[in-house]
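Architecture at a glance
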Amino acid sequence: MSPAADRLPTAFAGRLRLPVIASPMFIVSGPELVIAECLSGVIGAFPALNARAPDTLDGWLTRIRTELAAARAAEPDRRIAPFAVNQIVHASNDRLARDMETCVAHEVPLIITSLRPPGEVVRQAHSYGGLVFHDVISVRHAEKALEAGVDGLILVCAGAGGHAGTLSPFALLGEVRRFYDGPIVLAGAITTGDAVLAAQAMGADLAYMGTRFIATREANAAPAYKEMITTSSAADILYSPTFTGVHGNYLKPSIVAAGLDPDNLPHADKASMDFGSSSTKAWRDIWGSGQGVGTIVDAPPVADVVNRLETEYRDARARLAQVSSDFAG
Ligand SMILES: Cc1cc2nc3c(=O)[nH]c(=O)nc-3n(C[C@H](O)[C@H](O)[C@H](O)COP(=O)(O)O)c2cc1C
């Protein structure tokens, strides 16, 4: 396996304070959150579909690029991270071609693709030197994405918020590393700096963190949603396909508040899988969250979260140096 530093794309070199992508979240991630994340030194990302009209996407990208460029000009030595846009590659997303044209025009540094292997998206992103990372929950999906020419894989493992896989990160990362030596991002219940370091120790290059950033001042989530994140624990998370046709992790108290019984949900119909406007209502009322929720106790500004992550990461590294010298000299 090559050293992690060799695998990270050169576009990220010297620009990240921590090896973290703040992952894209439906409804929750908008320009305010993304800008705060990038200014704090972690990659910020949002789903293109969060901009409710294609013209809005153009406006969001202009704002993000302008604010990040101004901050870089004011403080050239500060680590200000690049940003990413998430594209849902699925028949129900009839905006994909137009949204990709907008991303090409703005030369979005990183495109994150979900669901289907993204052949055409890869070609478009590469046309201006952009990168494409694809999220996968299995070895088969990882192989298909690599055939499509992606630049990195995001392994969405058990316990991740929103649509998630079922495999242990130890199992999936270990198997993918046997045939892939490129950039790997690890996802699933990562909420602390200790866990970011653990992801690197396992062979990942970056950690992918969603749920931790829902409970922040800049996230576009209802106050009651942020509050529920800070008071829930792993036992409150339900893994179900009912709400979108794809298995995902959700907060049980939000299901109860929507008048449903988490132990007795209607059956999901995969044919009704929809990532367009009709899925909005489900996500507005039924709140997604990963199993790492139990470590989150407050909803401060993003900058405070990232400062804390950095302290935890440093402390964990110092602690680990002690442990490893005890064992392997
Ligand atoms: C509320 C919510 C909405 C999400 N929406 C999206 C999305 O639109 N596109 C996507 O690729 N992933 C989405 N995800 C998944 C995240 O990008 C990421 O895989 C996940 O949050 C990582 O696990 P964690 O929440 O345990 O950190 C969502 C996750 C949550 C919690």
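Everything that follows concerns the structure shown earlier in this document.
Residues numbered from 1 in each chain as written. Predicted model: local features only at pLDDT ≥ 70, side-chain atom pairs only at ≥ 80, totals over all residues. Heavy atoms only, no water.

1. Points about the site of the ligand
Operational definition: Any residue with at least one heavy atom within 4 Å of a molecule or strand is counted as near it. We call two N or O atoms a polar contact when they sit within 3.5 Å, provided that within protein one can donate a hydrogen and the other can accept it, with sequence-adjacent residues counted only if both atoms are side-chain atoms. Surface accessibility in these figures is a Shrake-Rupley result with a 1.4 Å probe; residues are shielded only by whichever protein chains are displayed. Working definition: helices are DSSP H or I runs of at least four residues, strands are E runs of at least two. Numbering for both runs from the N terminus. Each residue receives one of three labels: charged for Asp, Glu, Lys and Arg, nonpolar for Ala, Val, Leu, Ile, Met, Phe, Trp, Tyr, Cys and Pro, and polar for the others, Gly being one of them.
The ligand sits among 23 residues. The nearest are Pro-24, Phe-26, Asn-86, Gly-210 and Thr-211. Contacts to the ligand include Ser-114, whose side-chain N or O atom sits 2.8 Å from an oxygen atom. Protein contacts shield 94% of the accessible area of the ligand, which totals 610 Å² for the unbound molecule. Counting only elements with at least two residues in the shell around the ligand, the list comes to β9 (206-209) and α9 (211-214). Looking at side-chain class alone, the shell around the ligand contains 11 nonpolar, 11 polar and one charged residues.

2. Considering the sheet that holds strand β3 (residues 83-89)
Inclusion rule: A pair of strands is treated as paired once DSSP finds two or more bridges between them. Each axis is a line fitted through C-alpha atoms, and for a helix only the stretch in contact is used; angles between axes span 0 to 180 degrees, taken between their N-to-C directions. Whether two residues are in contact is decided by their heavy atoms: any pair within 4.5 Å suffices.
Pairing is parallel in the closed barrel, where eight strands are placed in the order β1-β2-β3-β4-β5-β6-β8-β9. Neighbour-to-neighbour, the strand axes of this sheet turn through a mean angle of 25°, independent of strand direction. The strands touched by helix α4 (residues 96-105) within the sheet are β3 and β4 (110-115), with β3 carrying the most contacts at an inclination of about 165°.

3. Re the packing of helix α2 (residues 31-40) against helix α13 (residues 302-328)
For any two helices packed against each other, one specifies the crossing angle of their axes together with the interaxial distance. Short version of the rule: Crossings are classed by handedness, with left-handed meaning an anticlockwise turn of the near helix from the far one by less than a right angle and right-handed meaning a clockwise turn.
Relative orientation of the contacting elements α2 and α13 amounts to 35°, with a least axis distance of 9 Å. The element α2 and its partner α13 pack so that their crossing is right-handed. Packed against α2, whose contacting residues are Leu-33, Ala-36, Glu-37 and Ser-40, the element α13 presents Val-302, Ala-303 and Val-306 at the interface. Here the contact of α2 with α13 is built from residues that sort into five nonpolar, one polar and one charged.

4. Here we look at the sheet that holds strand β10 (residues 237-240)
Taken together, the three strands give an open sheet; going across it, the order is β7-β11-β10, and neighbouring strands pair in antiparallel fashion. This sheet does not close on itself; its edge strands, each paired only once, are β7 (162-163) and β10. As paired elements, β7 and strand β11 (residues 248-251) share two bridges and run antiparallel to each other. Looking at the pairing, His-163 lines up with Gly-248 of β11.

5. Side note on helix α6 (residues 139-147)
Applicable threshold: Throughout this description, buried means an accessible area under 20% of the type-specific maximum (1.4 Å probe, protein chains only), exposed means over 50%, and partly exposed covers the range between. The arc refers to the directions leading from the helix axis to the C-beta atoms.
For α6, the set of buried residues is Val-139, Ala-142 and Ala-145. For α6, the buried positions fall inside an angular range of 120° around the axis, keeping them on one side. Residues of α6 that are exposed and angled more than 90 degrees away from the buried face: Arg-140 and Glu-147. In this fold, the buried residues of α6 make contact with β5 (131-136), β6 (152-156) and α7 (169-177). Remark: Gly-149 follows α6 within two positions and exhibits a positive phi of approximately 90°.

6. So, the packing of aromatic side chains
For the record, the criterion: Here is the rule: rings of Phe, Tyr and Trp (six-membered ring for Trp) pair when centre to centre is within 6.5 Å. Planes less than 30 degrees apart are stacked, more than 60 are edge-to-face, and the remainder are tilted.
Scanning the model with the defined rule gives four aromatic pairs in all. Here the aromatic rings of Tyr-225 and Trp-287 are separated by 4.8 Å at their centres, their planes lie at 10°, and the arrangement is stacked. Taken together, the residues Tyr-225 in helix α10 (residues 223-231) and Trp-287 in the loop between α12 (279-285) and α13 connect sequence positions 62 residues apart. Under the relative-accessibility criterion, Tyr-225 is labelled buried at 7%. Taken together, a centroid distance of 5.0 Å and an interplanar angle of 70° make the contact between Phe-243 and Tyr-250 edge-to-face.

7. A few points about the nonpolar core
Which entries qualify depends on this criterion: Put simply, a nonpolar core is a bunch of buried Ala, Val, Leu, Ile, Met, Phe, Trp, Tyr and Cys residues held in one set by side-chain atoms that sit within 4.5 Å of each other.
Ranked by size, the top nonpolar core spans 74 residues in total, and within it Phe-83, Ile-111, Leu-153, Leu-155, Val-176 and Phe-213 carry the most contacts. Those residues in contact with Leu-153 that sit more than four places away from it in its chain are His-134, Val-136, Ala-142, Ala-145, Leu-146, Val-176, Tyr-180, Pro-183, Ile-184 and Val-185. Counting 19 residues, the second-largest nonpolar core is a separate cluster that includes Ile-21, Ala-81, Phe-133 and Ile-154.

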